[in-house]
Amino acid sequence: MKIYSNIGIKLFSLKLFFYSGFLFLFLLNPDCAGAGAYLNSAHGSSAYGAKRSASGFPADYPKGLCAHCHEQHASVDNSEPGPSGGSPSAYELFYDNHISQTDGICYECHKDSGSFQTGGSIINRSYSYRAGGWTSDLVNDILEAFSFSSPDSSHNLDDIRTFITGKWGYTGNSNPCAACHNPHSLQGDPPNAANSVKNDATRGWVVSRPSLHSTDNNAWGLWGDIAGERMSVYNYQAPYRYSTTTNYEPDGSTTTQDGSNLTDFATFCSDCHNNTNTINSTALARNLNKFSWSTEQHGGGAASAGCPDILNPYQVAQCGTYVLSCTDCHESHGSPNLMLIRKEVNGAEVTVDVETGFGPFGRENTEWMSLCVRCHDGLDTTDGNHTHPFFIPPQVSGCSSFQCHEAGDIYRVCTECHSHGNQDIDGTPFGEPLL
Amino acid sequence: MTGSLCTDCHTIHNSQGNQPATFDGSPVPYLALLRGSCEGCHTSTSASVWQSSIAGAPIVYNTLEPSYGNKGLAAGNFYYTGTTLDEKGHNIFLSNPDDGLGNTPPGGLDIGQQLNCSGTYGCHGHNGRQSGDTAIDDQLIAVMGGHHGLSSPMTGSIAEVSKSYRFLLGIKGVEDTDWEQDNVNTSHNEYQGSTAGSTDTISYFCAECHGNFHTWEGGITEVGTASPWLRHPTDILLPAAGEYAAYTNYSLLSPVARQSPDLVADTTLVNPGSDTIMCLSCHRAHASPYYKMLRWDYKNSTLSTALSGCNVCHTSKD
């Protein structure tokens, strides 16, 4: 997000634009020359932007025109163009803004078949696919991503809408997708390359902070499009991409691993997910745990207890200073795992889809270890009876304790101890909240 | 219309040198001893003529594409509906009815007959659409007295055609001396706007036929009464906040209406929070070179051009 009130930064940005990137950007997208945020956005691109194809709708409207989403008079030539059959919709949209988890204006185009976008489909891949390079992911559109339901997971749009209503200029009519995305500004990442992973030659920026929401495109800019809005403001270590130890997320770079190419999702997500906001989860039938990323063990807290067994590319010497991005573990839209956990983390696949499963070490209820082992080594070390609980800090004396077991020798589910915001186990101070 | 000769417009016997004295050479005389119909005085066969030598009438129809102003005067030019195109203007020519819409204006009801200039089936004069007015079918009788009356003060009275802006009964406004033929924002028409459901605004006038498109006519189910709007609103304030606050220099590409058009301190400026959005912020009244009578080329293949009119108000969506 450009800080337009800061003249120094603005001038610096202009210099960068003219002297460093102008030729490249122009070749990449001719609209860049003198264009504003909308013309540089995915929807407003004259090369690949929104273009509705529907009965009764002018076929010769240029790509990116307002009318592809907004109907100024809710009719053309006295008839409602497709999709027809309803009364005028809020914001002059051609379809109701939000109806349900799987029904609303965005899905009228963002699906892989039956889309009103010219061509009949819009492909959007998961974060694991694009940033993680896990191209085996079969999820290929937004509707599909938001269709995951228990025990799988997707960001609940009704819950989002409930939460944002009355905040930051949002109302009960707001589209929950607009909690994270400015439709007049967001860019493809990568743009116009549906089945491509991110790469360092073609980048776009997709999110805008909800706390800065405004109908003014200048005020509600992209988040992450300038250096101060990226994970490099922390001590960040980029995970590996799928099946490699040389290429880092999010763009496959072999050298950049400090987050200077990744949006500061810690700040972005914390607009909603923090230690003050109460957010109801329909799927969990409870409020989400409150936590401060600035003190979480994976955030700004000093994670150190498990560091002797940390896995590459994380370095033992830097334990206690790392700040992870939420996207290192979570998808933003939906996932075939619990809690929006990515299907690929730090180079390999993760399966956490029932929670009580046996996990990578064949012990009941330890399925979450599928995620933990992507970065934490030593969890399979055993004393003959135990794996991970063997390493519970000695002051807790986990062995044979009800604190670690259900009936018999069945482990308690990992998340009973490890969750965002949790600092103890059954009242006993403890260290490492994970989820 | 002052200082003109009676014979500029009228003929006593429709005969001069034993030939018809009508402009179109018709031997059939017109009502009120006129020498022609509306078109007779307001048409030019030249591309560059914007004002008739006959009594100084504004030209609203050039038979060749107009080369002055922004392709015509403030309301545009019927040249663009004089051909086979139906979608670029109000189809007033019997030779070119609207094949798609027929006699039903978008957002309104069938008016029963092809649109013409004035009277029951037209825009100017007594069309019966203002409360208390009685429609007159004949186009010339419907505006009778209008050309001879004094427009000042402009009261919008429905009793006197001349007291309404451009003979649009009940409507107020301020006329530019050259009807914007010079196409500069230092001299232009001023249109009446209101946020109080007034019936003297230019947008209310449009809503007499296109009712579903007007904020205070269409109502809650058609347009809404506040954001989020269901259709693009008119007769609402240009907001003084956000991107709208940046529209401060009057643009002929997307002009605004005023709540007191005869009391504008500086006509080159726009006042967000006071001035209003109107139908003519986007459309020309008669016809334009562009799809749906828009003031700019909404279908231009260069997207920034296609959006140029939108961005006058939506300043951050460039």
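Rules of the game
Residues numbered from 1 in each chain as written. Chains lettered and ligands numbered in written order. Predicted model: local features only at pLDDT ≥ 70, side-chain atom pairs only at ≥ 80, totals over all residues. Heavy atoms only, no water. Salt bridge = Lys/Arg side-chain N within 4 Å of Asp/Glu carboxyl O. Helix = DSSP H or I, 4+ residues; strand = E, 2+ residues; numbered from the N terminus. Buried < 20%, exposed > 50% of the residue type's maximum accessible area, 1.4 Å probe, protein only. Contact = heavy atoms within 4.5 Å. Buried area = accessible area lost by both parts, 1.4 Å probe. Polar contact = N/O pair within 3.5 Å; in protein donor to acceptor, adjacent residues only side chain to side chain. Patch = residues over 30% accessible without salt bridge, like charges linked within 9 Å, V, L, I, M, F, W, Y side chains within 5 Å. Areas by Shrake-Rupley, 256 points an atom, 1.4 Å probe, with all protein chains shown as cover.

Here the focus is the pattern of salt bridges. In the structure shown here, the tally under the stated rule is 16 salt bridges over all chains. Across the pair Lys299 of chain B and Asp60 of chain A runs a salt bridge whose closest N-O atoms are separated by 2.9 Å. With Lys299 of chain B in the loop between helix 5 (215-218) and helix 6 (303-306) and Asp60 of chain A in the loop between helix 1 (7-28) and strand 1 (98-100), this residue pair bridges two chains. Of the residues examined, Asp60 of chain A reaches a relative accessible area of 44% and is grouped as partly exposed. In this structure, the salt-bridge partner of Glu416 of chain A is Arg412 of chain A, at a minimum N-O distance of 2.9 Å. The partly exposed category is assigned to Glu416 of chain A, whose relative accessible area is 41%. Residue Arg412 of chain A is classed as buried on the basis of its relative accessible area, which comes to 16%.

Right, let's talk about the interface of chain A and chain B for a bit. The parts lose accessible area when they come together, and the size of an interface is often stated as this lost area. Contact residues are listed per partner, giving 35 residues for chain A and 32 residues for chain B. In total, chain A and chain B occlude about 2600 Å² of area from one another, counting both sides; carbon and sulfur atoms represent 59% of this. When the area that chain A buries against chain B is broken down by residue, the three leading residues are His73, Asn78 and Pro88 of chain A, summing to 21%. One can count two salt bridges joining chain A with chain B. Asp77 of chain A serves as the salt-bridge partner of Lys292 of chain B, at 2.0 Å between the closest nitrogen and oxygen. At the boundary of chain A with chain B, the tally comes to 15 residue pairs in polar contact (both at pLDDT 80 or more).

Where nonpolar side chains cluster on the molecular surface, the patch consists of Leu31, Ile141 and Met144 of chain B and spans about 270 Å² of accessible area. As for its placement among the helices and strands, Met144 of chain B is situated in the loop between helix 3 (139-142) and strand 3 (173-174).

Bringing unusual backbone geometry into the picture now. In this structure, Pro83 of chain A follows Gly82 of chain A across a cis peptide bond, with omega equal to -5°. Take Pro83 of chain A: it is sitting in the loop between helix 1 and strand 1. Following Ser152 of chain B, the chain continues into Pro153 of chain B via a peptide bond in cis, with omega recorded as -5°. Considering the arrangement of structural elements, one finds Pro153 of chain B in the loop between helix 3 and strand 3. Phi is positive for Ala74 of chain A, close to 60°, though the residue is something other than glycine. Tracing the sequence through the fold places Ala74 of chain A in the loop between helix 1 and strand 1. Residue classification places Ala74 of chain A among the buried residues on the basis of a relative accessible area of 10%. At Glu92 of chain A, a residue that is not glycine, the phi angle is positive and equals roughly 60°. With respect to the element layout, Glu92 of chain A can be found in the loop between helix 1 and strand 1.

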